Amino acid sequence: MSLNGSHERSDLENGNRSSKRVKIGGETKKKQLILNAFVEMCSGHQSPGLWQHPDDQSHRFNDLDYWTDLAQTLEKAKFHGMFIADVLGGYDVYKGPQNLDPAITSAAQWPVNEPLAVVPAMAAVTKSLGFGVTVATTYEQPYHLARRLSTVDHLTKGRLGWNIVTGYLDSAARNLGHTAQPDHDERYKIADEYLEVMYKLFESSWRDDAVIRDVKKGWYTDPSRVRKINHVGKYYNVPGPHICQPSPQRTPVLMQAGTSSSGKRFAAKNAEAIFVAGHSPSVVAKSIKDIRAQAKEFGRDENSVKFLALMCPVLGRTEEEAKAKYEEYLSYGSEDGAFALFGGWTGIDLSKYGDDEELRHVESNAIRSAVEGWSKAAPGVAKWTKHTVAKHLMVGGLGTTAVGTPEQVADEFERWVEEGGVDGFNIAYAITPGSFNDVIELLLPELKKRGLFWDDYEVPGGTYRENLYAIEGQSGLPPDHPAHGYRWKAEY
């Protein structure tokens, strides 16, 4: 099997690994995987330039039918959810400063639409698929965002997740009233208070049974069961009350992707599902172990926090077919698009380095550490130049691109569970819907054969949280979550 462009044979090819197992009612079973499709309202997403492939349909991202068709395809295959990334600015570091041309010409997450708007349409044609939507805390008041999220949680019947980000692009900050982003640690301090306000609005502002629709009294809502939150803090003053009545989940499923020390602390306290990316399970294992330990410090069940790794499978019925497909995808990739994305993700402008310059020997610690990680995952690559980096990013982005047969890719999934401690995967595409169709047709049957994926939703027609935890009735935050105590419960 090939991993992200390296054609070294995997030591997993000659037999399945044993996956992590959990005890259920005295019987030992394999941990079943959580699978989300990883998309963005743009063309290509993690695979810059692949919009040029004749079978790719991601250029139809402005078309509502594209999204409703994809949602129905994913639900039919019993995917847990669709995880929708987002950015609020362009990738302008490469050949910069403030040069958007490489991103514009290659369609490197540009143009990009607002993701929350399309969710109700997809929910209308599905019953169980969840929708994790990326929304930044830095540039929108919590009172306004709480209204938007509660509205969509109502319209989806409780199938909304919120991927909490603090923002990372200066280009977004410049267009939203700032000269630059707030300092990294400051952004997380702001986000901490932001979440406190959101919890008060979602959980504490309305009693569960506030809406009574009492025709005799002429009361729609009992005013004694709605209250202000009177939040006064360093960054926000929000009297409340929340303008929306409690939605099916009250608080959407909380997702997060930060792996800095501040990000990990924030995730350990708040997140229910955490998105990790790396080219090998050893890269993410330390962060996962660290976050689980910190979650325990917050009084949480460390195993209730779900970790989802970024993975882009390129599948074939034979290894040769899979490798040929991968090489074909690479032929449509855009180097400039890959450099633009890399610049946005890292702040590093690769145009400053020579075509043949060995990046493991440059002065920049950031480049050396990134490239060292790749080189360990792909030891067969003799020299790491910026073109080698582009090749590794062009199909699947910052995660692992697993190239092989269904058996080989399933082995790789199991290796990530065993060595990395992940609970599932956010599956990126090379082309859409083709990559997802390959996963559904080729990979899912193999995962099911191994007991790694369910045959149906645990709670058909249930909330995203119920199906994430596989617990019927768990629509609200679990009892061990730090914000569970905010909930204003009905009195019986």
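Refer to the structure presented above.
Cut-offs used in this document
- Residues numbered from 1 in each chain as written.
- Predicted model: local features only at pLDDT ≥ 70, side-chain atom pairs only at ≥ 80, totals over all residues.
- Heavy atoms only, no water.
- Buried < 20%, exposed > 50% of the residue type's maximum accessible area, 1.4 Å probe, protein only.
- Helix = DSSP H or I, 4+ residues; strand = E, 2+ residues; numbered from the N terminus.
- Pairing = 2+ DSSP bridges.
- Right-handed = clockwise from strand over helix to strand, strands pointing away.
- Axes fitted to C-alpha atoms, helices over the stretch in contact; angles between N-to-C directions.
- Parallel < 35°, antiparallel > 145°, perpendicular 65-115°, else oblique.
- Left-handed = near helix turned anticlockwise from the far one by under 90°.
- Contact = heavy atoms within 4.5 Å.
- Salt bridge = Lys/Arg side-chain N within 4 Å of Asp/Glu carboxyl O.
- Phe/Tyr/Trp six-rings, centres within 6.5 Å; stacked < 30°, edge-to-face > 60°.
- Lys NZ or Arg CZ within 6 Å of the ring centre and 35° of its normal.

## What about the pairing of strand 13 (residues 273–276)?
Part 1 of the argument: Both faces of strand 13 are covered, namely the face carrying Ala273 and Phe275 and the face carrying Ile274 and Val276.
Part 2 of the argument: Alignment of strand 12 (residues 253–256) against strand 13, held across two bridges, turns out to be parallel. Looking across to strand 13, one finds that glutamine 256 is bridged to isoleucine 274.
Part 3 of the argument: The β-α-β motif built from strand 12, the intervening helix 7 (residues 261–270) and the parallel element strand 13 has right-handed crossover chirality.

## Quick look at the packing of helix 6 (residues 184–204) against helix 7
Part 1 of the argument: Two elements in contact, helix 6 and helix 7, have axes whose closest approach is 9 Å; the angle formed by their N-to-C orientations is 15°. In terms of axis orientation, helix 6 runs roughly parallel to helix 7. When you trace helix 6 past helix 7, the crossing you get is right-handed. Within the contact between the two elements, helix 6 uses His184, Asp185, Tyr188, Ala191, Asp192, Leu195 and Tyr199 and helix 7 uses Ser262, Gly263, Phe266 and Asn270.

## Focus: the pattern of salt bridges
Part 1 of the argument: In this structure the tally under the stated criterion is 31 salt bridges.
Part 2 of the argument: Between lysine 325 and aspartate 438 there is a salt bridge, with its nearest N and O atoms 2.8 Å apart. Note that lysine 325 is positioned in helix 9 (residues 319–332) and aspartate 438 in helix 14 (residues 434–449), a separation of 113 residues in sequence.
Part 3 of the argument: In this structure lysine 325 comes out as buried when scored by relative accessible area, which is 17%.
Part 4 of the argument: Each of Lys30, Asp411, Glu414, Glu446, Lys449 and Arg450 takes part in salt bridges that share partners, so that together they form one network.

## Here's the deal with the packing of aromatic side chains
Part 1 of the argument: One pass over the full model with this rule turns up 13 aromatic pairs.
Part 2 of the argument: Grouping aromatic residues by their ring pairs yields a cluster made of Phe38, Phe83 and Phe275.
Part 3 of the argument: If you follow lysine 217 out to its NZ or CZ, it ends over the ring of tryptophan 219, 4.3 Å from the centre.
Part 4 of the argument: The ring of tryptophan 488 is capped by arginine 227, whose NZ or CZ atom sits 3.8 Å from the centre of that ring.

In short, the description is geometric, and any link to function would need to be established separately.
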